[in-house]
Amino acid sequence: MTVPVTVNGAATDLAAGATVADLVAARSGGHDRVAVARNGDVVPRSSWPSTSLQPGDVVEVLAPTAGG
Amino acid sequence: MVKDPLAPHRSQARGGPLQGGLQEAGDPLTIAGETFPSRLLLGTGGVPSLEVLDRAVRASGTALVTVALRRVEASTNGAMLEVLDRCGVRLLPNTAGCRTAREAVLTARLAREAFGTDWVKLEVIGDEHTLLPDAVELLDAAEQLVAEGFTVLAYTTDDPVLGRRLADTGCAAVMPLGSPIGSGLGIRNPHSIALLREAVDVPVVLDAGIGTASDAALAMELGCDAVLLASAVTRARDPERMALAMRQAVEAGRLARTAGRIPRRWHAEASTPMAGLPEL
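Below, the structure is looked at part by part.

Side note on the nonpolar core
At step 1: Ranked by internal contacts, the top residues of the largest apolar core, which has 69 residues, are Leu84(B), Leu122(B), Leu166(B), Val227(B) and Leu229(B).
At step 2: Of all the elements, helix α5 (residues 101-115) of chain B adds the most residues to this core, at 9 residues.

This is the structure in structure tokens:
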């Protein structure tokens, strides 16, 4: 049983019940200054463990980079 | 404005000679009640390596450095933040790449999550070739972000009227472009920059278009409170050397501005007195 979602523009299947915290742990390489948007809204860090991803969710996992 | 702009440069002795180094001397930049020892803000875009970034940041003397947010796979670089943390600079997240108020507001909220700061360099681009700001979306985003408690430093055109509207909205600083981002064309309309400086009470930061040191000095001579630049340093052949040049240019321009330049004249005015001129 998997949950089809889009993460950073790419379709992917996550394990059922996967949370934003799980996704961040898998994607961020232990980075602490990360932010997550889900379906166009910010997911506050405090809500990551309690936010389960739903089928069709569009998620952006963002990290700092060089920029003007 | 400091009461006696020269005071910080005097030696301990009363009436002593002036000394170089604004940063050591204490002529700080104040934005939203916070002071920064340097009037040079540095962007990190275009930096060729972390070692170069480290050296350039240190040479520039900057205390405020802009960074962006991007998808984690494409650009994750925890090492960059480690370098900047070691340099002791404060991070200023930007909304680079945003084209609508909605995108910019969401990006600012995400940056607040990632960086733990409500300061944001607001950038809303309206044209892909010139990267000029979209005035309508910019003002809309600024209003929303100020209402949400953000400290907004708004990247804008050199239009004094738009600058005033942004300041009236509650932006903490107005950051007009000298010319398009990354163009290195310098300040194309110095008159507009000077008018904008007169039009607002908040700090004015010349942002974008700086190509070389004289451009940064001119910005300060026109009355800008600070200069923000990235490409001019990061894409220079020797970024560390250019960073030092920019630091000194900003300091020289600031000193010249506060020194009060002589008026421009159509004809010469002799500096040597005519009295006592011998008949030969």
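Remarks on the packing of helix α7 (residues 160-169) of chain B against helix α8 (residues 190-199) of chain B
Residue and element names in this part refer to chain B.
At step 1: The interhelical angle for the contact between α7 and α8, taken along N-to-C directions, is 30 degrees, at an axis separation of 8 Å. With respect to α8, the axis of α7 lies roughly parallel. The way α7 lies across α8 gives a crossing that is right-handed. Residues Pro-160, Gly-163 and Arg-164 of α7 form the contact with α8, whose own contacting residues are Ser-192, Leu-195, Leu-196 and Ala-199.
At step 2: Of the residues in the contact of α7 with α8, the class split is 4 nonpolar, 2 polar and 1 charged.

Observations concerning the pairing of strand β4 (residues 64-71) of chain B
In regular strands, side chains alternate between the two faces of the sheet.
At step 1: The buried fraction of β4(B) amounts to 6 of the 8 residues, a majority that puts the element mostly inside the structure.
At step 2: One ladder, built from 5 bridges, connects strand β5 (residues 58-66) of chain A with β4(B); its direction is antiparallel. By the bridge assignment for β4(B), Thr65(A) is matched with Ala68(B).
At step 3: Summarising the sheet, strand β3 (residues 40-43) of chain B and β4(B) pair through 3 bridges and their orientation is parallel. Looking across to β4(B), one finds that Leu41(B) is bridged to Leu64(B).
At step 4: Of the crossover connections in this fold, the one passing from β3(B) over helix α2 (residues 50-60) of chain B to the parallel β4(B) is right-handed.
At step 5: One ladder, built from 4 bridges, connects β4(B) with strand β5 (residues 90-93) of chain B; its direction is parallel. By the bridge assignment for β5(B), Val67(B) is matched with Pro93(B).

What counts as what
Residues numbered from 1 in each chain as written. Chains lettered and ligands numbered in written order. Predicted model: local features only at pLDDT ≥ 70, side-chain atom pairs only at ≥ 80, totals over all residues. Heavy atoms only, no water. Core = buried A, V, L, I, M, F, W, Y, C linked by side-chain atoms within 4.5 Å. Buried < 20%, exposed > 50% of the residue type's maximum accessible area, 1.4 Å probe, protein only. Helix = DSSP H or I, 4+ residues; strand = E, 2+ residues; numbered from the N terminus. Axes fitted to C-alpha atoms, helices over the stretch in contact; angles between N-to-C directions. Parallel < 35°, antiparallel > 145°, perpendicular 65-115°, else oblique. Left-handed = near helix turned anticlockwise from the far one by under 90°. Contact = heavy atoms within 4.5 Å. Nonpolar A, V, L, I, M, F, W, Y, C, P; charged D, E, K, R; others polar. Pairing = 2+ DSSP bridges. Right-handed = clockwise from strand over helix to strand, strands pointing away.

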